[in-house]
Amino acid sequence: MAHVVDVADATDSGGSDGLSGAEAQRRLAADGRNELPEARRPGWLSRLAAQLREPLSLLLVAAAALSLLVLREMTEGLAILVIVVLDAVVGAVQAHRADDAMAALRELTAPLASVVRDGRPQTIAAADVVVGDHALVAAGDRVPADVRVTDAASLASDEAILTGESIPVDKSVGDVLLAGTLVVRGHGGGHVVATGARTQLGAIATFLTEAPEPPLARELRRIGSWMATGAVALGVVVVAVAVVRGDGGRDSLLDGLLGGVALAVAAIPEGLPAAMTASLALGAQRMARHGAIVRTLTAIEALGSTTVLCVDKTGTLTTGQLEVDDAIPAERTSAAEAELWLAILRCNDATDGGVDPIDVALLRAAEARGHTPMLGRRVSEEPFEATTRLMATVHEFADARVLSVKGAPEAVWARCADGPQLRRLDGLARGLAQAGRRVLAVASAATDDLSARELQPLGLVAFLDPLRPSARAAVDACRRAGIRIVVATGDHPETAAAIARDAGLDPDPTVIGSELRDLDPDERQALLAEAAVIARVEPADKVALVVAHRAAGHVVAMTGDGVNDAPALRHADVGIAVAGAAGTDVAREAADIVVTTGDLGVLVEAVREGRRIYRNVVSLVSYLLAGNLSEIMVVLGGVLLLQDLPVPLRPVHLLWINLITDGLPALALGVDWSRRDGLELPRREPGTHLLDLARLRLLAGRALAVAAAALGAGALAAQMGWSPGRVQSQLVVTLVLTHLVLAYVSRSERFAFERDWWRNRALAASVFGSAAMQVVVMTVPALGGWLDLAALPVAGWAMAVGASVLVVCVIDAVRAVRRRRVR
């Protein structure tokens, strides 16, 4: 009892009577609320500033400033600024929505706690618990803070969220119940010794490392930097050419600067952020319908590119709920079987409302088999302890008292009389353990002595965490998609290997976490890269597993639900947190995607959606960049070939072209539909870029075809004696129409208008709408005048339509020749 007093003094508590309400409020004000640390959400101005710091945004801002301050082109300058602000607002809104979704997920944690204050039990908000409170816990409660136990009755907690070990941990006086863990057996109380960030749960949350940038985000940042650098370099070339071609005076310099601004505008795919956001957001909505909530939008594409998926056994391959797989009585008779189940029901706390998973599974199995409890009155008990590894109860009946014992076979056998039955059951127990089953032995005697020996063995019970019905199909789908599954679990290696085998995975090699401790870093990394199953895993092992596969060039997705999983979730390319009763705030904060169930089938659906999104991302990026490259080529080519024009296209022309071609058509490509199974669609292979050399050559070829067609139409118009304004208008109309047909080229695999091309009704509507907008602008003088566009005769429209048809024919012909060469 002295130890209890010491604990009370150390925490300055009010003992078993608890704190006074006033003292609790004072401590709450001084120490803060009992909550996990949460990163401060940035404000709207911070979000907008982050969007404006992107390289492409900075380039457009510079172009706007040049137009307004130097060239005095108010229309162009203001139009550029409007585009920049709209793009920044769209990005900021999407980031805010992602944070809102995460805030909603935090509500999954238990909000209440039982404490003693002013000498009486009270139920309060868990966030209001303070150091020194006397907390009360019972089976089924979530521990609200770190609690030093002062009284305990068969008390045990599930610490899987911290250790990954699924076996309950017994707690006695002096032990600490850890915040966030679940009480699964018994009841007790103790003094709160740490709250919030000062708990073990909070300490891990505080020291989590920053997450690596998702692959798609890195790729888009690389593309933006590359395009910004290229635009600046080419802008300098345009200024130099204009000055050399002119008289070297102020007018030629201003013409060159106007051309440089036009080139900067041409180089920026203004529709890319909105189209990308729409594509990812729609994919996130579809994933949410399957039970996957996306926190980091760009992680969706990374999930589709995943080559290694590291999963936990419990709750992912299995249901996460123990079930009785087999019950083996000492003798093969109905009477012996009945006696076995009667002893199991006597030595069981679930009959009194306990939530220990083993006791609950035994009670369910007994009820399913029609065994009715004949308990009598429990007069004494020996709770399960980690040291004894067994539980014993004595029940009193009208004519006798009966001792019932259940526990680990070796612990129970040590108290049984030797004989053939015992040896047979011991051999069966060893075989079941090797097959991945958890085994309990049961014995009894007609005595009231809890420590009695020479007990009669009654039989064995084998437990199994059943394989999910969807596991085998999901494993097969991953195999077909080229995704390697690695099982990382805190369970026994035999159990983990058996479940992996049942799911259709090859468990060889199976590695035990302790085997990794004595290896040097290179040996450990090589072993982890080859392992199929890693058992008895610790948090550091999971991080090392992710690092090993990423070092080998893989895109790694990691699942987890506990605090111990959080560091690995942060280090993975895609961290997938499992929500629900076992899920923790720390894991969800560390993850990119949160799933409501760890079912592997849900993860496969998420990968399928990621593949579809990657296909759409490739289509829209190809479309936008090919279009912008063609505009760059037209500006550069026009400076050299159309010398009667000060600049081939003004910035306002290019902004208009990008508005009606980069906007709705790009959005439609971002939400495209495919008849093919998403897992059959190509993924971005590890180590490759969205824009590798081969794709750049492809896009440059398409851009060259478009630019050549537009410049050809412009040159023909100039030869026909048209005014400079009408020649510029011819270039604008031709670029608009060729860009619109380029949308169908970008989404197709063989021919622009191949089978099912009409299924994307959103694309058809956007193409038709954009073309109609161009017609309206060209035929309404007020609108055309605002954009510096002149009306075209029928010949001009015919040239633009002919150029579009020619572009499609040339690109499809080149693709056909390339396919023939490949064959």
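None of these values were measured; they are calculated from a predicted model. Residue numbers here run from 1 along each chain, matching the order of that chain's written sequence. Given that this is a predicted model, residues contribute local features only at a pLDDT of at least 70 and side-chain atom pairs are listed and counted only at 80 or more, while totals for whole chains, interfaces and linings are drawn from all residues. Excluding hydrogens and water, the side-chain values take into account all heavy atoms of the structure.

Enquirer: In this structure, what is going on with the sheet that holds strand β13 (residues 401–407)? I would like to understand it.
Expert: Paired through backbone hydrogen bonds, the strands of a sheet run either parallel or antiparallel to each other. Paired strands are those between which DSSP finds at least two bridges. Helix numbering and strand numbering both begin at the N terminus, where a helix is a DSSP run of H or I of at least 4 residues and a strand a DSSP run of E of at least 2. Read from one edge of the open sheet, 6 strands run β10-β15-β14-β13-β12-β11, paired in antiparallel fashion. Because the sheet does not close on itself, it has two edges, and the strands there are β10 (323–329) and β11 (377–382). Adjacent strand axes in the sheet meet at a mean angle of 20° when their direction is disregarded. Alignment of β10 against strand β15 (residues 456–464), held across 6 bridges, turns out to be antiparallel. Each residue of the ladder has a partner; that of Ala327, found in β15, is Val461. Fitted lines through C-alpha atoms serve as axes, helices being fitted only where they are in contact, and the angles separating the N-to-C directions of these axes extend from 0 to 180 degrees.

Enquirer: What am I meant to see in helix α28 (residues 761–779) here?
Expert: One full turn of an α-helix is made of 3.6 residues, so residues set three or four places apart face in the same direction. Under the convention used throughout, the expected extent of a helix is 1.5 Å for every residue step, that is, one less than its residue count. Helix length check: α28 (19 residues) gives 27 Å between terminal C-alpha atoms against 27 Å at 1.5 Å per residue, within 8%. The buried label goes to any residue with under 20% of its type's maximum accessible area, the exposed label to any with over 50%, and the partly exposed label to all in between, with areas taken from a 1.4 Å probe on protein chains only. If you check which residues of α28 are buried, you get Leu763, Ser766, Val767, Ser770, Gln774, Val777 and Met778. Taken around the axis of α28, the buried residues stretch over an arc of 105°, which confines them to a single face. More than 90 degrees from the buried face of α28, the exposed residues found are Arg761, Phe768 and Thr779. Think of it as the arc spanned by the lines of direction from the helix axis to the C-beta atoms.

Enquirer: Mind showing me how you'd approach unusual backbone geometry here?
Expert: Most peptide bonds take the trans form, and the phi angle of most residues other than glycine is negative. A cis amide bond, omega 0°, links Asp508 with the succeeding residue Pro509. With respect to the helices and strands, Pro509 occurs in the loop between α18 (493–502) and β17 (510–512). Its identity as a non-glycine residue notwithstanding, Asp118 has a phi of 55°, on the positive side. Within the secondary structure, Asp118 is located in the loop between β1 (112–117) and β2 (120–125). Residue Asp118 is classed as partly exposed on the basis of its relative accessible area of 48%.

Enquirer: Explain a nonpolar patch on the surface to me, please; I cannot follow it from the model alone.
Expert: The residues that make up patches have over 30% relative accessible area and no salt bridge, and they are joined within 9 Å when like-charged or within 5 Å when they are Val, Leu, Ile, Met, Phe, Trp or Tyr. All accessibility values rest on the Shrake-Rupley procedure with a 1.4 Å probe; residue burial counts only the protein chains present in the view. Salt bridges are counted wherever a side-chain nitrogen of Lys or Arg sits within 4 Å of a carboxyl oxygen of Asp or Glu. Taken together, the side chains of Phe753, Trp757 and Trp758 make up a nonpolar region of the molecular surface, amounting to roughly 310 Å² of accessible area. On the basis of relative accessible area, Phe753 is assigned to the partly exposed category, the value being 40%.

Enquirer: How should I be thinking about the pattern of salt bridges in this particular structure?
Expert: Opposite charge on two side chains allows them to pair when their charged atoms are near. Taken as a whole, this structure holds 25 salt bridges when the rule is applied. Close ionic contact of Glu396 with Arg401 constitutes a salt bridge, the shortest N to O distance being 3.0 Å. For Glu396, a relative accessible area of 27% puts it in the partly exposed group. Accessibility expressed as a relative area gives 32% for Arg401, which makes it partly exposed. Residue Arg430 pairs with Asp426 through a salt bridge whose shortest N-O separation is 3.1 Å.

Enquirer: Is there a simple way to think about the side chain of Arg815 in this case?
Expert: Topologically, Arg815 is positioned in helix α30 (residues 794–822). A distance of 3.0 Å separates a polar atom in the side chain of Arg815 from a polar atom in the side chain of Asp812. Pairing of N or O atoms within 3.5 Å defines a polar contact, subject to two protein rules: one partner must be a possible hydrogen donor and the other a possible acceptor, and residues neighboring in sequence count only if both atoms are side-chain atoms.

Enquirer: What's the story with the sheet that holds strand β20 (residues 574–578) in this structure? I'm lost.
Expert: Pairing in this open sheet of 8 strands is mixed, and the strands run β8-β21-β20-β19-β9-β16-β18-β17 from one edge to the other. At either margin of the open sheet sits one strand with a lone partner, and together these are β8 (292–294) and β17. With strand direction ignored, the average angle separating the axes of adjacent strands in the sheet is 20°. Pairing between strand β9 (residues 308–311) and strand β16 (residues 484–488): 4 bridges, direction parallel. Residue Val311 lies in a different strand from β16, and its bridge partner there is Val487. The contact definition used throughout considers only heavy atoms, calling two residues in contact when any of these lie within 4.5 Å. Here helix α20 (residues 539–551) sits on the sheet and contacts β9, β16, β18 (533–535) and β19 (556–560); the angle it forms with β19, its principal contact strand, is near 165°.

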